[in-house]
Amino acid sequence: MDFALSKEQLMIQSMAREYAEKNILPVAQQIERENKIPDEILEGLAELGLFGIAYPEEYGGAGGGYEGYALAMEQISKVCGGVAMTISAHCMTLSTIMAFGTEEQKKKYMTPGCKGEHILSVAFTEPSTGSDPKQLTSTAVKDGDKYIINGTKRFISNANWPGTILVFAVDSETKRPTAFLVDKWCEGYSISEPWDKIGMHGGMLLDVYMKDIVVPAENVLGAPGMGYPILQLGISFGKIGVCSITLGAMLSAYEEALKYAREKMHRDKPIAKFQAVQLRLASIASLYEASRWMTYRLAWLANDVKDPVQFAKEAALTKTFVGEAVIDLMRDAMAVHGSYGLINDYKITQLWRDSIIAPQIEGVTDMQKVIAAAVILGNI
Amino acid sequence: MNIVVAMKQIPDLQQIRISNRRPVLQDVPLTFGGIDKSALEAAVVLKESLGEVKVWVLSAGSEELEDTVKEALAAGGDEAYLVIDQSLAGADSSIIAQVLAAGIKQLNDVDLILFGEGSGDNYSGQVGARVARLLELPLVSYARDIKIDGDTAQVVRVLEDCEEVLEVKLPAVITVLSDIGEPRIPSVTQILKAGKKPKQTAELDDLGISAGQSNPVITLSNLAPESNRKRIVVKNPVELVEKLKSENLIGG
Ligand SMILES: Cc1cc2nc3c(=O)[nH]c(=O)nc-3n(C[C@H](O)[C@H](O)[C@H](O)COP(=O)(O)OP(=O)(O)OC[C@H]3O[C@@H](n4cnc5c(N)ncnc54)[C@H](O)[C@@H]3O)c2cc1C
């Protein structure tokens, strides 16, 4: 067992840290205010290979594996959650295509994505459901060698950027969810204004309206009716992104709490001298460490998924733990700050808003537990 | 054209803690000195503008160099020449200069040798000059800018209150300031390819230098300066301004 990071992994980590501190930090407040990531930042991330870090070079990726991805995302998110979220949703789509695409589909759809020329999306959630695929209402009617897709998708990350969107719709033949590779901005595609969400500003969240979108049958990912298992595995890869983003917020809150505890004085002593504050700092450190190693392990597992069901279980367990740990950690970090933790001049307020998102997306925590328990119990 | 950049492996200064006024070096990752990274950047920029240039990374140090050198190869170095011996980790400037000069002699047709003006840790600023002397090459120090035209280099040399523009015939040794270039951030692909770039390693024996040479200069102590807080308490902003003025911290 070796928990040491390799030189390459350390270099990827410091590269992402350096880029984030030099280039993203100066515009982080602007992103927070305007809910928009400047184009130069997206271009810079693309040049460094961060849009396709985990994927093989033959599909335009950088070949850095999922550990490299997790390490880089953590550092970017530490500076700006919204930027990391944009990459995370994009990479979830790439991972899904990587797992289920034909050679041709991988070359065609992954290459511009990995290079950052396209920013990809997954569209599963609808106004009436996010957790239950059986309630999907979007339809794909087979018409000769093509499908005609109609429906509304809710809360779709990156729906505004050009590129491929992986749409889940119930097809008229299998009557089950099927995954389609659709070009955003094709005829019949339109989007809402961005949702004004609590945190992770810069990460765009929009509704997608699909009106008689025509896609050739060859754009089906996997096979008709396979939408649910595709979503399950794709979202399991997605959880590496969500957990790594969460780690970044945790690490930042950890640093903020430490700094505040050392600086804030009571009776000539920094509050870090009080045992009550020390206990909170120790809790913060242990929650961060546990989350970190669970996430890195999930990333390591993702490099070579042998059994998708077991991997889905591991992803669900990791997301459950990290999604709950971040809330406890933020509570402690907030407590260290006292009332100053509620003042928007302090970074902890933004971290709080950003991190409350983790347990709610890519499957709420309850659903993670349901998934994990089902695998653990098998056929009871 | 061959450009050699001499880079020193040092502990990552940002990750060193000070305990009892002494730096704690245990578990601190190794990297290259900041000015050395700027020297490498200058070489890579020259390569980009001139074309046919090979950038050599030259370093002498402990065996961790095999890993540390990947940073330089990711940031644009083409090939590395490493002299590895445990005794080189804390060796004196004169020994390091002999080792580096011997290393440079192993490389063919070297046109330009770049050094940081001082290393990131000890900052003795001697090695570049010593190597120039040993190789009997001209030396230009404190360079902020280098332009190459044929077999001459035009160098902007920064002094305390003036800048000189000098011309020097190649081959030459130039020590550079960090202002010469901000080190680039390597991409993931460059990082992953670094380990696959060619690398030659030599031991002291190969260069005819004996390992046991003693350091002529011995460091007796290495302590962070003591900072005594003045513990001045003020009651109001007016008093604060007065105190700051009397301490000469704000204008009179
Ligand atoms: C920032 C952000 C980014 C997002 N990005 C995307 C995206 O790119 N693509 C996309 O498709 N979606 C995206 N979403 C949507 C998100 O994935 C869903 O909102 C999420 O899965 C929850 O779905 P829901 O809101 O419909 O909740 P529901 O499914 O309605 O769940 C509500 C509550 O009911 C409970 N519940 C529901 N079903 C069960 C059950 N079977 N067993 C036990 N409890 C249950 C849960 O406890 C849950 O708390 C995003 C959302 C956000 C906020």
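The structure presented is a predicted model; accordingly, all values stated were derived computationally and were not measured.

**Q** Sorry if this is basic, but what is going on with the overall build of chain A here?
**A** Summing up its helical and strand segments, chain A has 11 helices and 10 strands in all. On C-alpha atoms alone, chain A measures out to a radius of gyration of 21 Å, which is about the 21 Å that the 2.2 N^0.38 rule sets for 380 residues. The principal-axis extent of the C-alpha atoms belonging to chain A is close to 80 × 50 × 40 Å. When each of the 380 residues of chain A is scored for burial, the buried share is 56%. Considering only contacts in chain A between residues 6 or more positions apart, those separated by 24 or more positions represent 72%.

**Q** Where do I start with the domain arrangement of chain A in this structure?
**A** How big an interface is tends to be stated in terms of the accessible area lost upon association of its parts. Residues and elements named next belong to chain A. By domain assignment, chain A separates into domain 1 (7-114), domain 2 (121-225) and domain 3 (228-377). Taken together, the contact pairs 24 residues of domain 1 with 30 residues of domain 3. Between domain 1 and domain 3, the buried area comes to about 2,100 Å², and carbon and sulfur atoms account for 63% of it. Among the residues of domain 1 in contact with domain 3, Tyr66, Glu74 and Lys78 are the three that bury the most area, contributing 30% of the side total. If you look at where domain 1 meets domain 3, you find 2 salt bridges. Here Glu32 makes a salt bridge to Arg353, at a shortest N to O gap of 3.2 Å.

**Q** What is the right way to read the sheet that holds strand 12 (residues 172-176) of chain B from this model?
**A** Within a sheet, adjacent strands bond to each other through the backbone by hydrogen bonds, running parallel or antiparallel. Residue and element names in this part refer to chain B. Taken in spatial order, the 9 strands make up an open sheet running 11-10-9-12-8-1-6-7-13, and their pairing is mixed. A single partner strand is all that each edge strand has here, and the edge strands are strand 11 (163-169) and strand 13 (199-202). In this sheet, adjacent strand axes meet at a mean angle of 30° when their direction is disregarded. Of the strand pairs in this sheet, strand 9 (residues 139-149) and strand 12 are connected by 3 bridges, and their pairing is parallel. Opposite Leu139, over in strand 12, you have Val173 as the bridge partner. On top of the sheet, helix 1 (residues 34-50) reaches strand 1 (2-6), strand 6 (54-61), strand 8 (110-116), strand 9 and strand 12; it is set at about 145° to strand 8, its chief contact. Helix 2 (residues 65-74) rests against strand 6, strand 7 (79-84) and strand 13 of the sheet, and its axis sits at about 155° to strand 7.

**Q** Help me out: how do you make sense of a negative patch on the surface in this one?
**A** Residues and elements named next belong to chain A. Where like charges cluster on the molecular surface, the negative patch consists of Glu104, Asp143, Asp145 and Glu218. Considering the arrangement of structural elements, one finds Asp145 in the loop between strand 2 (139-143) and strand 3 (146-157). A relative accessible area of 58% places Asp145 in the exposed class.

**Q** Before we go on, may I ask you to explain a nonpolar patch on the surface in this structure?
**A** Side chains of A:Leu317, A:Ile376 and A:Leu377 sit close together on the surface and give an oily, nonpolar patch of about 280 Å² of accessible area. Structurally, A:Leu377 can be placed in helix 11 (residues 365-377).

**Q** Please clarify how the packing of aromatic side chains should be interpreted in this entry.
**A** The description of two aromatic rings rests on the distance between their centres and on the angle between their planes. Residue and element names in this part refer to chain A. Under the counting rule described, the total for this entry stands at 14 aromatic pairs over all chains. Taking 5.2 Å as the distance between ring centres and 45° as the angle between the ring planes, the aromatic pair formed by Phe237 and Phe311 counts as tilted. Of the two residues, Phe237 sits in helix 7 (residues 227-263) while Phe311 sits in helix 9 (residues 308-337), which places them 74 residues apart along the sequence. Taken individually, Phe237 and Phe311 each receive the classification buried, so the pair is uniform in this respect. Through a chain of ring-to-ring contacts, three or more aromatic side chains come together here, namely Tyr55, Tyr66, Tyr69, Phe237 and Phe311. Seen from the ring of Phe155, Arg154 lies directly overhead, with NZ or CZ sitting 6.0 Å from the centre.

**Q** Would you mind going over the pattern of salt bridges with me for this structure?
**A** As a working rule, side chains carrying opposite charge can pair if their charged atoms are close by. Residue and element names in this part refer to chain A. All told, the structure shown has 32 salt bridges over all chains when counted by the stated rule. A salt bridge links Glu103 to Lys107, with the shortest nitrogen-to-oxygen separation between them at 3.3 Å. Placement of both Glu103 and Lys107 in helix 6 (residues 103-114) is noted, with a separation of 4 residues, approximately one turn of the helix. Look at Glu103 and you get partly exposed, because its relative accessible area is 41%.

**Q** Teacher, can you tell me more about helix 1 of chain B here?
**A** Think of an α-helix as turning once every 3.6 residues; residues three or four places apart then point the same way. Residue and element names in this part refer to chain B. Spanning 17 residues, helix 1 covers 24 Å between terminal C-alpha atoms, matching the ideal 24 Å at 1.5 Å per step. For helix 1, the full list of buried residues reads Ile35, Asp36, Ser38, Ala39, Leu40, Glu41, Ala42, Ala43, Val44 and Leu46. Contacts made by the buried residues of helix 1 are with strand 1, strand 6, helix 2, strand 8, strand 9 and strand 12. Gly51 sits one or two positions beyond helix 1 and adopts a positive phi of about 85°.

**Q** Honestly, the side chain of B:Asp78 in this entry has me stumped. Any pointers?
**A** All names here are of chain B. Take Asp78: it is sitting in the loop between helix 2 and strand 7. Polar contacts involving the side chain of Asp78 include one to the side chain of Lys47, which spans 2.9 Å. At 2.7 Å, the side chain of Asp78 and the backbone nitrogen of Val55 are in polar contact. In contact with Asp78, not counting residues within four places along its chain, are Lys47, Val53, Lys54, Val55, Leu73, Lys197 and Pro198.

Criteria and cut-off values
- Residues numbered from 1 in each chain as written.
- Chains lettered and ligands numbered in written order.
- Predicted model: local features only at pLDDT ≥ 70, side-chain atom pairs only at ≥ 80, totals over all residues.
- Heavy atoms only, no water.
- Helix = DSSP H or I, 4+ residues; strand = E, 2+ residues; numbered from the N terminus.
- Rg over C-alpha atoms; globule rule 2.2 N^0.38 Å.
- Buried < 20%, exposed > 50% of the residue type's maximum accessible area, 1.4 Å probe, protein only.
- Contact = heavy atoms within 4.5 Å.
- Domains from an automatic or database assignment.
- Buried area = accessible area lost by both parts, 1.4 Å probe.
- Salt bridge = Lys/Arg side-chain N within 4 Å of Asp/Glu carboxyl O.
- Pairing = 2+ DSSP bridges.
- Axes fitted to C-alpha atoms, helices over the stretch in contact; angles between N-to-C directions.
- Patch = residues over 30% accessible without salt bridge, like charges linked within 9 Å, V, L, I, M, F, W, Y side chains within 5 Å.
- Areas by Shrake-Rupley, 256 points an atom, 1.4 Å probe, with all protein chains shown as cover.
- Lys, Arg positive; Asp, Glu negative; His and termini not counted.
- Charge placed at Lys NZ, Arg CZ, Asp CG, Glu CD.
- Phe/Tyr/Trp six-rings, centres within 6.5 Å; stacked < 30°, edge-to-face > 60°.
- Lys NZ or Arg CZ within 6 Å of the ring centre and 35° of its normal.
- Expected span 1.5 Å × (residues − 1).
- Polar contact = N/O pair within 3.5 Å; in protein donor to acceptor, adjacent residues only side chain to side chain.

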